[in-house]
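Observations on the model geometry
Chain by chain, the residues:
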Amino acid sequence: MTNGTQAPDMAPPVRGRSLWQDALRRLSHNRAAVAAVVVLALVVLLAVVGPWIAPHAYDELYFDHVAIGPDLDAGFLFGTDTVGRDLFVRTLMGARISILVALAATSVSLLIGILYGAIAGFVGGRVDNLMMRFVDIMYALPFMFFVIILMVVFGRNIVLMFLALGAVEWLTMARIVRGQTLTLKNREFVEAAVASGVTRPRIILRHIIPNLLGPVAVYITLTIPQVILVESFLSFLGLGVQEPLTSLGVLISEGADEMETAPWMLIFPATVLATMLFCFNFIGDGVRDALDPKDR
Amino acid sequence: MAVIDIRNLEVGFDTPEGKVQAVNGINLSVDRGECIGIVGESGSGKSQTFMAAMGLLARNGTARGEILFQGEQILGLGSRALNRIRGNAMSMIFQDPMTALTPHLRIGDQLTEVLTTHKGLGKRAAAARAVAMLEQVRIPEPARRMRQYPHELSGGMRQRVMIAMALLCEPELLIADEPTTALDVTVQAQVLSLMRDLKDRLNTALVLITHDLGVVAGLADRVMVMYAGLVVEEGPVETIFTDPRHPYTQGLLNSMPRIDRAGEERLTAIPGQPPNLQRLPSGCAFRPRCAYAFERCEQERPELEDIAPGRRKACHRERLEAVS
């Protein structure tokens, strides 16, 4: 819209302020949320660039430094694990994988969930019924069983885990989006769009979906930590990422085994995970308040 | 040829309590450049008649009869076929401008959407047309408004945007469903004079759905009074106002404040309530509320009949004189 015609008088160009920009402004006044964003950004930044600039490689073995505690002189900030690998770089690597899984699985669930839910809700009637009963059936499948079978049949790999997690997370998203769509489709502006001859796919994409991004944004901030947790759980069970690659869940699982002899192996990855989850929850809270200022 | 010709239209809704008949067979046609006012209480079927034409009936609604738009039957067309017409040759202004614009889209995006959909214009050409149209509906600084969001405009301004949107494709028929109800009085007058201007300039057929007789008096050429899904009286606007022949029309006129008779008489409301559409009274639907009712009204539903050139009414009484 930047090339729109300018008002004839020399009034400063007014850029309309959208509801989203309003929400963003309110979010920036929420201290807890801002702090959470900053901390999370730091963790993510470290996770992304850390493994490259850290002095040790995540899969390098130091046989003379096996299972030592945090030792700055030797360059092991978080200590080492039972086979002598640097725990600091492994924790960052684990965080990187966890974030990657979370983003990928959440994107998959967003893409499928929003389209599926919006179509079911907007079309309604028998189509809606069929689509939502399918969701119910998927819900009823025991998720762990589903993942274990997938892993057994196709072997363990990360991409498969993205798909498995995404395939489960989209269900809730679809339900939320469908519910929102049902309330939106009877609103006058949708009726007005129908009356002005806008095609149905266009109405869904342009008039409905952007309007339900509020609840979706809140749900995203809840989904990401949930996916990280489930991934940690899968890895804890030995179904997740494979050695020497690691994730926070794998690290915590290993740390739990050595809890008595090498507590730092549990404490550091667990702290990083807990920090990330805290941050997401604070951000989620902030986003919800920012989008709905009346309902605090 | 009439722009729109509605014949024997019936609209019903299936509800858990049974079938509700909202429109019971009405006939109506509107010519180019003509403005017809459709008047009636809530639930008289005035809106649903045109919702059926626009293909906007609720899911449980069914319509029977004929709606000919420029000679083509449009009742029962699929949404794809209807989309060629609605918003293009036939458009609608909604009652509440506060809710009828999509909140997260800029005014400009919503206006140009209509043009790119129907006229295949490019973004730039569509934007230019939209700005010109905003100017026509007397919105100051139109280029600036194009970049704003609906919540940044006042109610009257938004209604003008709605009118601009409805007129962008220069429709043959414009349906205004209570266009001024949600606006305050000073803005109402502006919007009405605007609609009158535009109608005269573009020679559009205008259907004005309202319960406000003042609006009808100011804008319409012809008036149709509806009650319980039926037309009870029809005629040129002057004669309806000076010489109402149906007790319901008379009731509506008496319940309207008149500045020229202020202090002389009390406003009289029509007694009773609009009928339950599932259980219409036998005979004339207005009978239970009518001061002139007699036995025949109970036994026989009055037909809509010509009483003068261009005037029709559905009442057994020849004249409405006071009954003792």
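Residue positions within a chain follow its written sequence, with the count starting from 1. Numbering of ligands from 1 and lettering of chains from A proceed in the order in which they are written. Only residues with pLDDT of 70 or above have their local features reported here, since the model is predicted, and side-chain atom pairs are shown and tallied only from 80 upward, although totals for entire chains, interfaces and linings are computed over all residues.

1. Thoughts on the overall build of chain A
A tally of regular secondary structure across chain A gives 11 helices and zero strands. Each helix is a run of DSSP H or I of at least 4 residues and each strand a run of E of at least 2, with the numbering of both proceeding from the N terminus. Seen in sequence order, chain A has helices and strands lined up from the N terminus as α-α-α-α-α-α-α-α-α-α-α. The principal-axis extent of the C-alpha atoms belonging to chain A is close to 75 × 55 × 35 Å. Here a residue counts as buried when 20 or more other C-beta atoms sit within 10 Å of its C-beta, as exposed when there are 12 or fewer, and as partly exposed otherwise, the C-beta atoms being derived from the backbone. The burial tally for chain A puts 38% of its 296 residues in the buried class. Working definition of a contact: two residues with C-beta atoms, positioned from the backbone, lying within 7 Å. Long-range contacts, defined as pairs at least 24 residues apart, comprise 68% of the intrachain contacts of chain A with a sequence gap of at least 6.

2. A short note on the overall build of chain B
Across its full length, chain B holds 11 helices and 12 strands. Taken over C-alpha atoms, the radius of gyration comes to 21 Å for chain B, in line with the 20 Å a tight globule of 324 residues would show. Over its C-alpha atoms, taken along the principal directions, chain B stretches across nearly 70 × 50 × 40 Å. When the 324 residues of chain B are sorted by exposure, 48% land in the buried category. For chain B, contacts bridging at least 24 residues in sequence account for 64% of all contacts bridging at least 6. We take the radius of gyration over the C-alpha atoms and set the globule estimate at 2.2 Å times the residue count to the 0.38 power.

3. Focus: the nonpolar core
Most often, soluble globular proteins keep nonpolar side chains buried together rather than apart. Counting residues in each nonpolar core, the largest one holds 166 residues, and the members touching the most others are Ala-130, Ala-164, Leu-168, Val-207 and Leu-208 of chain B. Of all the elements, helix 3 (residues 87–123) of chain A adds the most residues to this core, at 18 residues. Where each domain starts and ends follows an automatic or database-derived domain assignment. Taken domain by domain, this core gets at least three of its residues from each of domain 1 (4–89 + 169–313) and domain 2 (100–168) of chain B. Residues contacting Leu-208 of chain B, with those up to four places away along its chain left out, are Cys-35, Ile-36, Gly-37, Ile-38, Ala-176, Val-215, Val-216, Leu-219 and Ala-220 of chain B. A set of buried Ala, Val, Leu, Ile, Met, Phe, Trp, Tyr and Cys residues, joined to one another through C-beta atoms within 7 Å, is what we call a nonpolar core.

4. A look at the sheet that holds strand 3 (residues 35–39) of chain B
Sheet strands pair via backbone hydrogen bonds, and the direction of the pair is either parallel or antiparallel. Residue and element names in this part refer to chain B. Two strands make a pair as long as DSSP finds a minimum of two bridges between them. Strand order in the open sheet made by the eight strands is 6-7-8-3-9-10-12-11, with mixed pairing throughout. A strand with exactly one partner marks an edge of an open sheet, and here the two such strands are strand 6 (90–93) and strand 11 (305–308). On average, each strand axis in the sheet is inclined to that of its neighbour by 25°, with strand direction left out of account. In terms of strand pairing, strand 10 (residues 230–236) meets strand 12 (residues 311–313) through two bridges, oriented antiparallel. Within strand 12, the residue paired with Glu-233 across the bridge is Lys-313. In this analysis an axis means a line fitted to C-alpha atoms, helices contributing only their contacting stretch, and an angle means the value between N-to-C directions, from 0 to 180 degrees. Strands strand 3, strand 9 (222–227) and strand 10 of the sheet are contacted by helix 10 (residues 247–254), whose axis makes an angle of about 105° with strand 9.

5. Remarks on the domain arrangement of chain B
Residue and element names in this part refer to chain B. Looking at chain B, the domain boundaries give domain 1 (4–89 + 169–313) and domain 2 (100–168). Averaged C-alpha coordinates put domain 1 and domain 2 at centres separated by 29 Å. Listed per partner, the contact involves 16 residues of domain 1 and 13 residues of domain 2. Looking at which element gives the most residues to the side of domain 1 that touches domain 2, the answer is helix 7 (residues 185–202), with seven residues.

6. Examining the packing of helix 10 (residues 248–257) of chain A against helix 11 (residues 264–291) of chain A
All names here are of chain A. With their axes 8 Å apart at the nearest point, helix 10 and helix 11 run at an angle of 150° to one another. Regarding the angle of helix 10 to helix 11, the classification is roughly antiparallel. Like other packed secondary-structure pairs, helix 10 and helix 11 cross with a definite hand, here left-handed. Taken together, the residues of helix 11 that come into contact with helix 10 (itself represented by Leu-248, Leu-251, Ile-252, Glu-254, Gly-255 and Ala-256) are Met-265, Leu-266, Pro-269, Ala-270, Val-272 and Leu-273. Its residues placed into classes, the contact of helix 10 with helix 11 shows 10 nonpolar, one polar and one charged. Roughly parallel means an angle under 35 degrees; roughly antiparallel, over 145; roughly perpendicular, 65 to 115; everything else is oblique. Each crossing gets its hand from how the near helix is turned against the far one by less than a right angle, where anticlockwise is left-handed and clockwise is right-handed. Nonpolar residues are Ala, Val, Leu, Ile, Met, Phe, Trp, Tyr, Cys and Pro. Charged residues are Asp, Glu, Lys and Arg, and all others, Gly as well, are polar.

7. Quick word on the packing of helix 9 (residues 213–236) of chain A against helix 11 of chain A
Residue and element names in this part refer to chain A. Closest axis-to-axis distance for the helix 9/helix 11 pair is 8 Å, and the angle between their directions is 170°. As summarised for this structure, helix 9 and helix 11 are arranged roughly antiparallel, according to the angle between their axes. Seen from above, helix 9 lies across helix 11 with left-handed handedness. Contact residues: helix 9 offers Gly-214, Ala-217, Val-218, Thr-221, Leu-222, Ile-224, Pro-225, Ile-228 and Ser-232, while helix 11 offers Leu-273, Met-276, Leu-277, Phe-280, Asn-281, Ile-283, Gly-284, Val-287, Arg-288 and Leu-291. Of the residues contributing to the contact of helix 9 with helix 11, the split by class is 13 nonpolar, five polar and one charged.

8. Re the sheet that holds strand 5 (residues 72–73) of chain B
All names here are of chain B. In space, the four strands of this open sheet follow the order 2-1-4-5, with antiparallel pairing throughout. Each edge of the open sheet is held by one strand with a lone partner, namely strand 2 (18–30) and strand 5. Sheet topology places strand 4 (residues 61–69) next to strand 5; two bridges connect them, and they run antiparallel. Paired with Leu-68 across the two strands is Gln-73, which belongs to strand 5. Contacting strand 1 (4–15), strand 2 and strand 4, helix 1 (residues 46–54) runs over the sheet at an angle of about 100° to strand 1.

9. Structural notes on the interface of chain B and chain A
Contacts between chain B and chain A engage 35 residues on the former and 28 residues on the latter. Of all the secondary structure elements, the ones that give two or more residues to the side of chain B that touches chain A are helix 2 (79–85), strand 6, helix 3 (107–118), helix 4 (123–136) and helix 5 (142–146) of chain B. In terms of residue count, helix 3 of chain B provides more of the side of chain B that touches chain A than any other element does, five residues in total. The residue makeup of the side of chain B that touches chain A, split by class, is 14 nonpolar, 12 polar and nine charged.

10. Section: the pairing of strand 9 of chain B
Along any regular strand the residues' side chains alternate between the sheet's two faces. Residue and element names in this part refer to chain B. Most of strand 9 sits out of view: six of its six residues are buried. Side chains of strand 9 alternate between two faces, with Arg-222, Met-224 and Met-226 and Val-223, Val-225 and Tyr-227 buried alike. As defined by bridge partners, strand 3 adjoins strand 9 across four bridges and the pair is classed as parallel. Bridge pairing in strand 9 links Ile-36 to Arg-222. In this structure, strand 9 lies alongside strand 10, joined through six bridges in antiparallel fashion. In the strand pairing of strand 10, Val-223 is matched with Gly-235. Connecting strand 9 to the next strand, strand 10, in antiparallel fashion are two residues, including Ala-228 with a positive phi near 50°.

11. Observations concerning the environment of Ala-193 of chain A
With respect to the helices, strands and loops of the structure, Ala-193 of chain A is situated in helix 7 (residues 188–195). What makes Ala-193 of chain A buried here is the crowd of 26 C-beta atoms within 10 Å. A sequence separation of 10 residues divides Ala-193 of chain A from Ile-203 of chain A, and the C-alpha atoms of the two residues are 7.0 Å apart. Beyond its immediate stretch of four places on either side in the chain, Ala-193 of chain A contacts Val-198, Ile-203 and His-207 of chain A together with Thr-102 of chain B.

12. What about helix 8 (residues 200–208) of chain A?
All names here are of chain A. Within helix 8, burial applies to Ile-203, Ile-204, His-207 and Ile-208. Buried residues along helix 8 cover an arc of 115° about the axis, so they all sit on one side. Along its buried surface, helix 8 packs onto helix 3, helix 6 (158–185) and helix 7. Our arc is simply the arc of the directions from the helix axis toward the C-beta atoms.

13. Concerning unusual backbone geometry
Residues and elements named next belong to chain B. Unlike most non-glycine residues, Glu-178 shows phi in positive territory, near 50°. Notably, Asn-203 is not glycine yet its phi reads approximately 55°, a positive angle. On the secondary structure map, Asn-203 appears in the loop between helix 7 and strand 8 (205–210).

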